[in-house]
Amino acid sequence: MKYLLKYSRGAELKYISHLDTIRVFERAFRRAGMPVAFSEGFNPHPKFSIALPLALGHESFGELMELTLNQNLAPVEVKQRLNEVLPKGLEVLEVKEYHDNKSLMSRVNKVVYRIKTNLLKEKLLEKKNRLLRESPQILKKTKRGEKRIDFWQAVDSLEVVEDSIRVVIRVGENSLRPEEVARALLGEDLDNINFIREEIILS
């Protein structure tokens, strides 16, 4: 049986790596006695995958994980058993059965970020209007060299909410990282800026 888990990573654990996050969940599955299915072959590994790595320093309230179990457990039981053993800073928010055959990672279509600043709403609106007028090109370094990405082709929407920006970024070849969105809007100085991933949108 496959499940789709939605979980959060709070400020307490925002500096653990993607690999360490995987190790924390592997230990949690063992401690919770979860009947996790394993892959076949010489080096079997537990069958779970995280939709999209979360950058160091970012918090999230919308991470997604696909988990396969050998037994059919009620989603509420999966959630309860994991939350009893996960460390502070990681919490399973929602569990439901998952029936899609495509990999979770291949279905990631957009990500929603809240970028918290120390600026007033009026100042942020002024900066947003400048971006709308200028339609900037963002220079990105890739393995094949440098490429220019049209800001508004990578950004699906950008909304100012009090002292924050809520931005929806398209995921794909010409995607932008939230830091690149913030630099286009706020400049190079990103001190005292908090990045919070609110949602991963699947296709």
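- Under an unreviewed UniProt entry, the chain has the name DUF2344 domain-containing protein and belongs to Carboxydothermus pertinax.

**What about the pattern of salt bridges?**
Part 1 of the argument: Enumeration over the complete set of coordinates arrives at 15 salt bridges.
Part 2 of the argument: One salt bridge in this structure joins Lys-116 and Asp-163, with 4.0 Å as the shortest N-O distance. In this pair, Lys-116 sits in strand 5 (residues 108-116) while Asp-163 sits in the loop between strand 8 (155-161) and strand 9 (164-170), placing the two residues 47 residues apart along the sequence.
Part 3 of the argument: Lys-116 sits in the partly exposed class, given a relative accessible area of 30%.
Part 4 of the argument: Glu-198 is paired through a salt bridge with Arg-166; the nearest N and O atoms lie 3.3 Å apart. Within this pair, whereas Glu-198 is found in strand 10 (residues 194-202), its partner Arg-166 is found in strand 9, the two being separated by 32 residues in sequence.
Part 5 of the argument: With a relative accessible area of 22%, Glu-198 lands in the partly exposed category.
Part 6 of the argument: Taking the relative accessible area as the measure of exposure, Arg-166 reaches 26% and is therefore partly exposed.
Part 7 of the argument: One connected set of salt bridges, linked through shared partners, spans Lys-110, Asp-156 and Arg-170.

**Focus: the pairing of strand 9**
Part 1 of the argument: Burial analysis of strand 9 places 5 of its 7 residues in the buried class, which makes it a mostly covered element.
Part 2 of the argument: In terms of strand pairing, strand 8 meets strand 9 through 6 bridges, oriented antiparallel. Residue pairing for strand 9: Ser-157 is matched across the bridge by Val-168.

**Some words on the layout of surface pockets**
Part 1 of the argument: The space that makes up the largest pocket amounts to roughly 320 Å³.
Part 2 of the argument: Lining the largest pocket are 16 residues; nearest its centre among them are Leu-52, Pro-53, Arg-177, Pro-178 and Arg-197.
Part 3 of the argument: Taken together, the elements giving at least two residues each to the lining of the largest pocket come down to strand 5 and helix 5 (178-186).
Part 4 of the argument: The residue inventory of the lining of the largest pocket, partitioned by class, reads 10 nonpolar, 2 polar and 4 charged.
Part 5 of the argument: Two domains share the lining of the largest pocket, each providing at least three of its residues, namely domain 1 (2-99) and domain 2 (109-202).

**Quick word on the domain arrangement of the chain**
Part 1 of the argument: Looking at the assigned domains, one finds that the chain contains domain 1 (2-99) and domain 2 (109-202).
Part 2 of the argument: A C-alpha centroid distance of 28 Å is found between domain 1 and domain 2.
Part 3 of the argument: Contact residues are listed per partner, giving 13 residues for domain 1 and 12 residues for domain 2.
Part 4 of the argument: Here domain 1 meets domain 2 over a buried area of about 1,000 Å², counting both sides, of which 56% is carbon and sulfur.
Part 5 of the argument: Its largest share of buried area at the contact with domain 2, domain 1 owes to Leu-52, His-58 and Glu-59, together 44% of the area lost on that side.
Part 6 of the argument: Across the domain 1-domain 2 interface, the total number found is 1 salt bridge.

**A word on the side chain of Arg-9**
Part 1 of the argument: Secondary-structure assignment places Arg-9 in strand 1 (residues 2-9).
Part 2 of the argument: It turns out Arg-9 is buried and unbridged, and the closest side chain with the opposite charge, Glu-63, is 7.0 Å from it.
Part 3 of the argument: At 2.8 Å, the side chain of Arg-9 forms a polar contact with the backbone oxygen of Ala-55.
Part 4 of the argument: Not counting residues up to four positions away in its chain, the partners in contact with Arg-9 are Lys-14, Ile-16, Thr-21, Leu-54, Ala-55, Leu-56, Gly-57, His-58, Glu-59, Ser-60, Gly-89 and Leu-90.

Reading the values: rules and limits
Residues numbered from 1 in each chain as written. Predicted model: local features only at pLDDT ≥ 70, side-chain atom pairs only at ≥ 80, totals over all residues. Heavy atoms only, no water. Salt bridge = Lys/Arg side-chain N within 4 Å of Asp/Glu carboxyl O. Helix = DSSP H or I, 4+ residues; strand = E, 2+ residues; numbered from the N terminus. Buried < 20%, exposed > 50% of the residue type's maximum accessible area, 1.4 Å probe, protein only. Pairing = 2+ DSSP bridges. 1 Å grid on protein atoms, 1.4 Å probe; cavity = no way out; pocket = protein on both sides within 12 Å on 5 of 7 lines; lining within 4 Å. Points joined across faces, edges and corners; volume = space filled by probe spheres on them. Nonpolar A, V, L, I, M, F, W, Y, C, P; charged D, E, K, R; others polar. Domains from an automatic or database assignment. Contact = heavy atoms within 4.5 Å. Buried area = accessible area lost by both parts, 1.4 Å probe. Lys, Arg positive; Asp, Glu negative; His and termini not counted. Polar contact = N/O pair within 3.5 Å; in protein donor to acceptor, adjacent residues only side chain to side chain.

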